[in-house]
Amino acid sequence: MSAREGVVITSTGNHCVVRTREGELHRCQLRGRRGTRPVCGDWVSWQALEQGGVIEAIQTRRNVLERGDFRGHPHALAANIDRLLLVIAPSPSPDPLLMDRYAVLAHALELPLSIWVNKIDTSQRSAALTQTTAPYTRFGIKTLHGSALTGAGIDSLEALTANETVILAGQSGVGKSSLTQRLIPHLELRVGEISTISGQGRHTTSTTTWFARPQGGALIDSPGVRTLRLDHLSAKAVLQGFPEIAAAAPQCRFRDCQHRQEPDCAVKHAIATGEITSQRLENWRLLSAEATQTTATSR
Ligand code: GDP
Ligand code: ZN
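Here the structure is a predicted model, which means the values were calculated and not measured.

Draft legend 1. Representation of the sheet that holds strand E3 (residues 25–29) within the structure. Strand order in this closed barrel of five strands is E1-E2-E3-E5-E4, and the pairing throughout is mixed. Pairs of neighbouring strands in the sheet enclose a mean axial angle of 55°, with direction left out of account. Pairing analysis gives five bridges linking strand E2 (residues 15–19) to E3, with the strands arranged antiparallel. What sits directly across from Val17, in E3, is Arg27. Taken strand by strand, helix H5 (residues 187–198) contacts strand E1 (4–12), E2 and E3, and its axis lies near 35° from that of E3.

Draft legend 2. The arrangement of the coordination of the zinc ion (ligand 2) in detail. Distances from the zinc ion (ligand 2) to its protein donors, Cys252 (SG), Cys257 (SG), His259 (ND1) and Cys265 (SG), fall within 2.1 to 2.4 Å. Note that the zinc ion (ligand 2) binds four donor atoms; their angles at the metal cover 105 to 116°, and the shape is tetrahedral. Counting along the primary sequence, the residues that act as donors to the zinc ion (ligand 2) give the motif C-x4-C-x1-H-x5-C. Judged by relative accessible area, which is 7%, Cys257 ranks as buried.

Draft legend 3. Up close: the side chain of His26. Relative to the helices and strands, His26 is located in strand E3. Leaving out residues up to four positions away in the same chain, His26 has contacts with Arg4, Cys16, Val17, Val18, Thr20, Trp46 and Ile197.

Draft legend 4. Summary view of helix H4 (residues 176–183). Where H4 is concerned, the buried positions are Lys176, Leu179, Thr180 and Leu183. Taken around the axis of H4, the buried residues stretch over an arc of 105°, which confines them to a single face.

Draft legend 5. Local environment of the sheet that holds strand E10 (residues 142–145). Read from one edge of the open sheet, six strands run E10-E9-E8-E11-E13-E12, paired in mixed fashion. Two strands in the sheet have a free side with no partner beyond their single neighbour: E10 and strand E12 (209–212). Taken pair by pair, the neighbouring strands of this sheet meet at an average axis angle of 25°, ignoring direction. Two strands pair when backbone bridges link them, and strand E8 (residues 83–88) and strand E11 (residues 165–169) are joined in this way by four bridges, in the parallel orientation. Each residue of the ladder has a partner; that of Leu85, found in E11, is Leu168. The sheet contacts of helix H1 (residues 96–108) involve E8, strand E9 (113–117) and E11, and relative to E8 the element is tilted by about 175°.

Draft legend 6. Region of the structure containing the pairing of E8. Of all the six residues making up E8, six are buried; the element is thus mostly covered by neighbouring parts of the structure. Neither face of E8 is left uncovered, since the one carrying Arg83, Leu85 and Val87 and the one carrying Leu84, Leu86 and Ile88 both have all their residues buried. Pairing geometry for E8 and E9, over five bridges, is parallel. Considered in E9, the bridge of Leu85 is made with Ser114.

Draft legend 7. Up close: unusual backbone geometry. Across the junction of Ser91 and Pro92, the peptide omega takes the value -5°, indicating a cis bond. As for its placement among the helices and strands, Pro92 is situated in the loop between E8 and H1. Positive phi outside glycine occurs at Asn80, with the angle close to 60°. Unlike most non-glycine residues, His186 shows phi in positive territory, near 55°. Positionally, His186 belongs in the loop between H4 and H5.

Draft legend 8. Fine view of the site of ligand 1. Every one of the 15 residues lining ligand 1 counts as a neighbour, but Asp121, Gly173, Lys176, Ser177 and Ser178 are closest to it. At 3.1 Å from an oxygen atom of ligand 1 is found a side-chain nitrogen or oxygen belonging to Lys119. The backbone of Val174 places a nitrogen or oxygen atom 3.4 Å from an oxygen atom of ligand 1. Protein chains bury 71% of the 580 Å² of accessible surface belonging to ligand 1 in isolation.

Conventions used here
Residues numbered from 1 in each chain as written. Chains lettered and ligands numbered in written order. Predicted model: local features only at pLDDT ≥ 70, side-chain atom pairs only at ≥ 80, totals over all residues. Heavy atoms only, no water. Pairing = 2+ DSSP bridges. Helix = DSSP H or I, 4+ residues; strand = E, 2+ residues; numbered from the N terminus. Axes fitted to C-alpha atoms, helices over the stretch in contact; angles between N-to-C directions. Contact = heavy atoms within 4.5 Å. Donors = N, O, S within 2.8 Å, 3.2 Å for Na, K, Ca; no water. Tetrahedral: all angles 85-135°; square planar, octahedral: opposite > 155°, others 65-115°. Buried < 20%, exposed > 50% of the residue type's maximum accessible area, 1.4 Å probe, protein only. Arc of directions from axis to C-beta. Near = heavy atom within 4 Å. Polar contact = N/O pair within 3.5 Å; in protein donor to acceptor, adjacent residues only side chain to side chain. Areas by Shrake-Rupley, 256 points an atom, 1.4 Å probe, with all protein chains shown as cover.

Below, the structure written as structure tokens:
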């Protein structure tokens, strides 16, 4: 039989669930233990067996989202992503360091990053979040406001991300699951279907899953991106996530300026004029220290 094509919608242990272009789901085994393991979002060719199928090959990935473990080793979570959508809300209030982790990660993967300010239906004014999003909008990150609960702003989100594979990121409680439900009709049903095929009793929120969106494109729901470490990235990669600091630093008097007390520090100057926030500078310090430390210890 000839090989068929499909996308891996979830991958656990030694098998995965593959979805064909027609929308059929098949449980596929991996061929052998060696080589790259397919992850959620991978396009694969597979052969049908009497029951289920077997993965023949993984097509070249456009990108792969990795998460560093505690030793700084990368683990692939999902592949072929078009956009990282960072969800924030008035409550729980945004965690600026976490936001910058995602900004760094998006830059490292050359993934467009956008911000969805959720829960605008609540009395807590999401307008207060303009200060939080300002450093990002300043360097071109698109910010949308809406509500997963009422559906406000969803049309703009659909338009921005038309036909894209989007991965949601953000703190627990900001509304990622609610947004997923809003974007994927009959989500419960689909999750149930995947559980049945994969043979797992309960396939729920613990596994990274790829969901086709009705208008085209997909949504990847990944608990793995919710607790993110960047240990596998270099300090240089971290700086890319802070374009305003990267742009100012070359104008400092000293090449190795730490932007602390040095004279003629362009970064400090930019903070004084409001082009760079001190929060971003602090986060850059923390995240580069995290990266440098691991690079040093892993040698
Ligand atoms: P997650 O942890 O990011 O997946 O967040 P959930 O989707 O589980 O949402 C956390 C809580 O916020 C739940 O009680 C939701 O009902 C509520 N919630 C989510 N989106 C909205 C929204 O747009 N408006 C309001 N008022 N509540 C929301
Ligand atoms: Zn400086």
